[in-house]
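Each chain, letter by letter, is given below.
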Amino acid sequence: TYESQSFANLSPLLECERAFDGANQLTSMGAIVGGTADFQNAYTHDALNRLSQVTQQDASGGNVVADKRADLSYNNAGQFTTISRYADAAGTELVANSFYATDDSGRLPSLIHSMDTTAPNSGWGTNPLAGYQFTYDAASRIDSIDSYVDGLTSFTHDNTSQLTAADHTGQT
């Protein structure tokens, strides 16, 4: 299926072209800005119909657009495990990885943005850019957030789960 849209009240005129597969999943999207071809996105889905890769390149004969790519990986529950970002469409120039850890309750105990190629086994890993480690109380409320950049924030809740205090350490 192919779809085209024009946005007449914008200056310059913006046109968007999209293509879908038989499962009605977006497979490509391109833009024409002021009559000149611009970016071209390609979307890949895994066997469970989840988005697994996005690439962006310039359109032939159009505006120059920096090539880029993102790869998305999931666990069996459908939650992100890794999002890898690249400065090229081939996936050879790593910009950063985001590693998502989940516990048995499906909560996020850590999210680490890093130059590492594999998820850290503990802590922040060897090349962190930013990161967040979360602890939860018995009611699955966030008890604390430890930020690689900003330090630790602890939270207190009352018996109706309302936040009653937030204590932040680590500011300089």
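Look above for the structure.
Here the structure is a predicted model, which means the values were calculated and not measured. (Residues numbered from 1 in each chain as written. Predicted model: local features only at pLDDT ≥ 70, side-chain atom pairs only at ≥ 80, totals over all residues. Heavy atoms only, no water.)

(A) Structural detail: the overall build of the protein. When helices and strands are tallied, the protein shows 0 helices and 13 strands. The secondary structure elements of the protein, listed N-terminal to C-terminal, are β-β-β-β-β-β-β-β-β-β-β-β-β. For the protein, the C-alpha atoms occupy an extent of roughly 55 × 40 × 40 Å along the three principal directions. The buried share among the 172 residues of the protein stands at 28%. Sequence-distant contacts in the protein: of pairs separated by 6 or more residues, those separated by 24 or more amount to 9%. Total accessible area computed for the protein in this model is approximately 10,300 Å², and 50% of it derives from carbon and sulfur atoms. With 7 positive and 20 negative side-chain charges, the protein shows a spacing of 4 Å between the two charge centroids. (Helix = DSSP H or I, 4+ residues; strand = E, 2+ residues; numbered from the N terminus. Buried < 20%, exposed > 50% of the residue type's maximum accessible area, 1.4 Å probe, protein only. Contact = heavy atoms within 4.5 Å. Areas by Shrake-Rupley, 256 points an atom, 1.4 Å probe, with all protein chains shown as cover. Lys, Arg positive; Asp, Glu negative; His and termini not counted. Charge placed at Lys NZ, Arg CZ, Asp CG, Glu CD.)

(B) Highlighting the nonpolar core. C16, M29, A31, F39, Y43 and V65 together form the largest nonpolar core, which totals 6 residues. Contributing elements (two or more residues each) for this core: β3 (26-33) and β4 (36-45). Not counting the four nearest positions on each side in its chain, A31 is found in contact with L14, E15, T36, A37, D38 and F39. (Core = buried A, V, L, I, M, F, W, Y, C linked by side-chain atoms within 4.5 Å.)

(C) How the structure looks around unusual backbone geometry. The phi angle at N24 is positive, at roughly 65°, despite the residue not being glycine. Along the chain, the position of N24 falls in the loop between β2 (14-20) and β3. One non-glycine residue with positive phi stands out, namely N49, at about 65°. For N49, a relative accessible area of 48% gives the class partly exposed.

(D) Quick peek at the pairing of strand β6 (residues 68-74). Among the 7 residues of β6, 5 are classified as buried, and the element is accordingly described as predominantly covered. Counting the residues that bridge the hairpin from β6 to strand β7 (residues 80-86) gives 5 residues, and of these G78 lies at a positive phi of roughly 85°. (Pairing = 2+ DSSP bridges.)

(E) Quick look at the packing of aromatic side chains. Taken as a whole and judged by the stated rule, the model has 3 aromatic pairs. Seen in terms of ring centroids, F80 and Y100 are 5.5 Å apart; in terms of plane orientation they differ by 40°. Their pairing is tilted. Here F80 is found in strand β7, whereas its partner Y100 is found in strand β8 (residues 94-101), with 20 residues between them in sequence. On the basis of relative accessible area, F80 is assigned to the partly exposed category, the value being 32%. Considering the side-chain rings of W124 and Y148, the 5.5 Å spacing of their centres and the 65° angle between planes classify their relative orientation as edge-to-face. Here the residue W124 occupies a position in the loop between β9 (110-114) and β10 (128-136), and Y148 occupies one in the loop between β11 (142-147) and β12 (151-157), the gap between them amounting to 24 residues. Given the relative accessible area of 19%, W124 is considered buried. According to the relative accessible area criterion, Y148 is partly exposed, its value standing at 38%. Every member of this aromatic cluster is reached through a ring pair, and the members are Y74, F80 and Y100. (Phe/Tyr/Trp six-rings, centres within 6.5 Å; stacked < 30°, edge-to-face > 60°.)

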